2 protein chains.
Amino acid sequence: MTTIKDIASRVGVSITAVSQVLNNKEVGIKKETKEKILETARELDYKPNYLARGLITKRTKTIGLIIPDITNPFFPQIVRAIEDTANKMGYNMILCNTDDNLDKEQLYLDILKEKCVDGIIFTSSTESTLKHEDLLSKIKSPLVLLDRGITGDIRIPKVYTHGYNGLLLGVNYLVEKDHKKIGFISGPETSVTAKERLKGYRSSVEENGLETKSEWIYYGDYKVETGEKAVKELLNRDPEITAIISANDLMAVGAMREIKNHGLRVPEDISVIGFDNIQISRFVDPALTTIAQPSYRMGELATELLINQIEDKEIPKKEHELEPKLIVRDSVTFRR
Amino acid sequence: MTTIKDIASRVGVSITAVSQVLNNKEVGIKKETKEKILETARELDYKPNYLARGLITKRTKTIGLIIPDITNPFFPQIVRAIEDTANKMGYNMILCNTDDNLDKEQLYLDILKEKCVDGIIFTSSTESTLKHEDLLSKIKSPLVLLDRGITGDIRIPKVYTHGYNGLLLGVNYLVEKDHKKIGFISGPETSVTAKERLKGYRSSVEENGLETKSEWIYYGDYKVETGEKAVKELLNRDPEITAIISANDLMAVGAMREIKNHGLRVPEDISVIGFDNIQISRFVDPALTTIAQPSYRMGELATELLINQIEDKEIPKKEHELEPKLIVRDSVTFRR
DNA sequence: TTGTAAGCGTTATCAA
DNA sequence: TTGATAACGCTTACAA
C-alpha cells in the first residue's frame, strides 16, 4: 500500500501538501505541484487508509444495520434500499442478524461501537420494549429506528408503515365485497406493530357496523406454519368466516394452503388478504391481495435520516409514518 | 469513550500494562494489578477502538461481501450463512450490491480495500470472465469466489455447486417418469455456471438415449418474466414437449404461470423442474420440484475458507464443488 | 506557498 | 514485573 508519505517523498513535498491536495483542501498550493501530486497518486495507485483517517476525523463512513433476519423475505428490499442509499451518500453498511435475540442485539450494538460506525439503523425485536429503551439509551451514536416501533423515547427518529391505516384499507375492501365475518391472524401480542394492526382491524370492522368477536382473532408469530394453524383453529371456532386478513404475507400464504387442504377454495369460499407485499405474494396461486408496505422507501428514508443526522444536517421531524397501499390481486372475491 | 489511557491513569499503571492485560498477553503482571485493571475497565465500560488497533495490527476483523443483488431470493440464505459464520469467528461483514455491473464491482473492490477489510467474498457478474481476471489480479487481500465460477486462475479458492450433476439428477428423474421431450430454459450463454448446467442437461439427455434438439433450449436471464417468454417460445417451437427444466427457480415459476395461461396443467400436461430451491419454490402451486443448492453450506464454507486464509491457516484445496440434491415436490408426474 | 509537529488510540519493542 | 517510547497513516493547527 502506498501512503501519502510515499507520494510526498517522490514528489519532493511535505505530507501536508499531499494530504491537502488529495482532500481538495489546498489553501495555497501551486497548480503545478498540485498536479504533480495528483499524478503521482494515480501512478502509485494511492488509496487513502480509512483507519488512519477515521482515527483523527472520528468518521468511518460506515453505518451499521441491525435486523432480525435477512432470510425473512420482508427484509431484502429494505436492506437493498439502505445499501443503495448509503452508497450513494458515500457510506458502507455492516449487516447484523439478531434473530430477535436481545443478547445478540446487545452484542452487535457493542461491536458496532467498537468498529466506530458513524450511525446505526436498528430494527428491534418484537418483545420487551422496556429493555430496549435501556439498551438504546446507552448508545451515543446517531440512530434510526426502523419498522418495529419502539414506543416511548421520542428523541430517536423512527420510520415505519401506518399499520392502522393498512388494516383499514384491507377491511374496507372486504366489506365492499360484502364480507361480514372477517377473521384476523395477528402478530404476537407483545409486538407494537402487531398491536397497531390489530387495533386497525378492530376499529375498521366496528366502524363498518360489523361484529368483532374475539374468537375471530388468532395470535401468531409471522411464520407460514402459523398461518396454517391459524386457519385450522379459526375455522374450528367459527366455520362461517368468509374472509381472513393476516398481519403478514407469510402467514397469509400458510392460511391459503390450509384453506385448500380443507377442501375449500380461495377466494370463492374464503377470501384472503395479506400484509407486506413480499415477493412471494405475487407467485402464490391465486396471487395474494395484500397491503403493501413501501419497503424500498422505508430503507431509503431511514438511511437519509441517519446520514443527515451524522452530518449534522437538520432533521425536520422524528416520526416518519409511511402510508400503506392495497395491492389488489386474486385472493379476494364477493362473499359466496 | 474511555481509552486505555484513562484506565492507566485511574489505576496508576502504564498503558502498556493495560493493553497487555486487556489482550491477555501479560508476560509478567501481578495478579493484583491485573484484576484492578480489569475491574476499572468494566467500571468505565471500556471498549477497544478497532481503528487504532487495526492501524497497527493490520487487521480489522471485518470482511467484505460482494454480490449482485440481495433482492434476488437466491442470496439471503447465503448472506445469512456468511454473516453467521463470520460472527462466530469474530468478524463482521460489509455488504455490497453490484447489480452485475463491472464498474460497481471495481468501485466496491477499491472501497473495501480502503476500509482495510481483511478479506473479500466475491460473487462475480455473469459476464466477461476476462475482465475479471484483470480486476482480481490486482487484489492483494484474501479472496474467495462464490457461486459464479470464474474459470482460469486457480490460485483463488472457489465455492460452488456442481451444476452438471444437478442437471443429471433432474433429467434422470424426468426420464424415470417416462418423459422423452425435455425442454431446457438455460441461463445466459456467457455465464460459466449456465454453461455448466446446459452441458449437464445435454449430456444426461444423450446418455439416456434421448434426442436433444437445439430448438428445445431457450436462453434466458434468470428472471420470472423470462420463464414465461421461454414457455411461449418453446411450446411454439414444439408443442410436444412434456417436461421443462429451468436453470433457476425464478424462471421455473414463470414457466409454470405461462403453462397455466396456455390452458395446460402442471404437472399433468407439462412437468417442471427448477434449480436453486429458493423459498418461493415451496409456496407456488403446485409446489416446485427442484434441484437444491446447499446455499447455507456454501456461505458457511466460503467464510471458513476466507477466514482461514486470513489467519494463515492451511487451506487443503482450492476448488470446493458441493453436491446438489433433488427436492421432490409436486410439479412432476408421469408423462401423459 | 509550503513545511513542522502534534495527536488520534492502539500495539510492540526494548530497557529498567 | 513494569514503563517509556516508537510506530501505524492520516489530518490539522500553526509556523516559516
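Further up the page is the structure itself.
Residues numbered from 1 in each chain as written. Chains lettered and ligands numbered in written order. Predicted model: local features only at pLDDT ≥ 70, side-chain atom pairs only at ≥ 80, totals over all residues. Heavy atoms only, no water.

Caption draft 1: Spotlight on the overall build of chain A. If you tally the helices and strands in chain A, you get 13 helices and twelve strands. In summary, chain A has a C-alpha radius of gyration of 26 Å against a globular reference of 20 Å for 336 residues, an excess of more than 25%. C-alpha atoms of chain A, sized along the principal axes, occupy 85 × 40 × 30 Å. A buried classification covers 56% of the 336 residues belonging to chain A. In chain A, once contacts between residues fewer than 6 apart in sequence are set aside, the share between residues at least 24 apart is 71%. As displayed, chain A has an accessible area near 14,500 Å², and 48% of this comes from carbon and sulfur atoms. A distance of 5 Å separates the average location of the 48 positive side-chain charges in chain A from that of its 51 negative side-chain charges. (Helix = DSSP H or I, 4+ residues; strand = E, 2+ residues; numbered from the N terminus. Rg over C-alpha atoms; globule rule 2.2 N^0.38 Å. Buried < 20%, exposed > 50% of the residue type's maximum accessible area, 1.4 Å probe, protein only. Contact = heavy atoms within 4.5 Å. Areas by Shrake-Rupley, 256 points an atom, 1.4 Å probe, with all protein chains shown as cover. Lys, Arg positive; Asp, Glu negative; His and termini not counted. Charge placed at Lys NZ, Arg CZ, Asp CG, Glu CD.)

Caption draft 2: Region of interest: the protein's contact with DNA strand C. Around DNA strand C, 26 residues are found, and the nearest of them are Ser 14, Thr 16, Lys 30 and Ile 56 of chain A together with Ser 19 of chain B. Considering DNA strand C, the proportion of its atoms within 4 Å of the protein that are sugar or phosphate atoms stands at 64%. At 3.3 Å, a side-chain N or O of Thr 16 of chain B approaches a base nitrogen of DNA strand C. Lys 25 of chain B places a polar side-chain atom, nitrogen or oxygen, 3.5 Å from a phosphate oxygen of DNA strand C. (Near = heavy atom within 4 Å. Polar contact = N/O pair within 3.5 Å; in protein donor to acceptor, adjacent residues only side chain to side chain.)

Caption draft 3: Layout of the nonpolar core. Residues Val 79 and Tyr 201 of chain A together with Val 79 and Tyr 201 of chain B are the most contacted members of the largest nonpolar core, which totals 142 residues. With 30 residues, the next largest nonpolar core counts Leu 135 of chain A together with Leu 109, Phe 122 and Leu 143 of chain B among its residues. (Core = buried A, V, L, I, M, F, W, Y, C linked by side-chain atoms within 4.5 Å.)

Caption draft 4: Examining the protein's contact with DNA strand D more closely. Close to DNA strand D lie 26 residues; Ile 4 and Tyr 46 of chain A together with Thr 16, Gly 28 and Lys 30 of chain B are nearest. The protein-proximal atoms of DNA strand D, defined as those within 4 Å of the protein, are 65% sugar or phosphate. Between DNA strand D and Arg 53 of chain A there is a distance of 2.9 Å, counted from a phosphate oxygen to a side-chain nitrogen or oxygen. Note that a phosphate oxygen of DNA strand D is positioned 2.9 Å from one of the backbone N or O atoms of Ser 14 of chain B. Of all the elements in the fold, those that place two or more residues in the surface near DNA strand D are helix H2 (15–22) and helix H4 (50–57) of chain A together with helix H2 (15–22) and helix H4 (50–57) of chain B. Broken down by element, the residue count for the surface near DNA strand D peaks at four residues, all from H4 of chain A. Looking at the surface near DNA strand D, its residues break down into eleven nonpolar, eleven polar and four charged. (Nonpolar A, V, L, I, M, F, W, Y, C, P; charged D, E, K, R; others polar.)

Caption draft 5: Spotlight on the interface of chain B and chain A. Contact residues are listed per partner, giving 50 residues for chain B and 50 residues for chain A. Summing both sides of the interface, chain B and chain A together bury roughly 4,700 Å²; the carbon and sulfur share of this comes to 57%. When the area that chain B buries against chain A is broken down by residue, the three leading residues are Leu 51, Arg 80 and Phe 283 of chain B, summing to 16%. Linking chain B to chain A there are eight salt bridges. (Buried area = accessible area lost by both parts, 1.4 Å probe. Salt bridge = Lys/Arg side-chain N within 4 Å of Asp/Glu carboxyl O.)

Caption draft 6: Representation of empty space enclosed by the protein within the structure. In the structure shown here, the tally under the stated rule is five cavities of 30 Å³ or more. Contributing to the lining of the largest cavity are 14 residues, with Leu 51, Thr 62 and Lys 115 of chain A together with Leu 51 and Lys 115 of chain B lying nearest its centre. Counting only elements with at least two residues in the lining of the largest cavity, the list comes to H4 of chain A together with H4 of chain B. (1 Å grid on protein atoms, 1.4 Å probe; cavity = no way out; pocket = protein on both sides within 12 Å on 5 of 7 lines; lining within 4 Å. Points joined across faces, edges and corners; volume = space filled by probe spheres on them.)

Caption draft 7: Representation of the packing of aromatic side chains within the structure. Under the counting rule described, the total for this entry stands at four aromatic pairs over all chains. Ring centres of Phe 74 of chain A and Phe 75 of chain A lie 5.2 Å apart, and the angle between their planes is 65°; this geometry places the pair in the edge-to-face category. Here the aromatic rings of Phe 184 of chain B and Tyr 201 of chain B are separated by 4.7 Å at their centres, their planes lie at 15°, and the arrangement is stacked. Highlighted residues: Phe 184 of chain B in strand S6 (residues 182–186) and Tyr 201 of chain B in helix H9 (residues 192–207), separated in sequence by 17 residues. In terms of burial, Phe 184 of chain B and Tyr 201 of chain B fall into one category: buried. Sitting over the face of the ring of Tyr 50 of chain B, Arg 53 of chain B holds its NZ or CZ atom 5.2 Å from the ring centroid. Note that Arg 197 of chain B overlies the ring of Phe 275 of chain B, its terminal NZ or CZ placed 4.0 Å from the centroid. (Phe/Tyr/Trp six-rings, centres within 6.5 Å; stacked < 30°, edge-to-face > 60°. Lys NZ or Arg CZ within 6 Å of the ring centre and 35° of its normal.)

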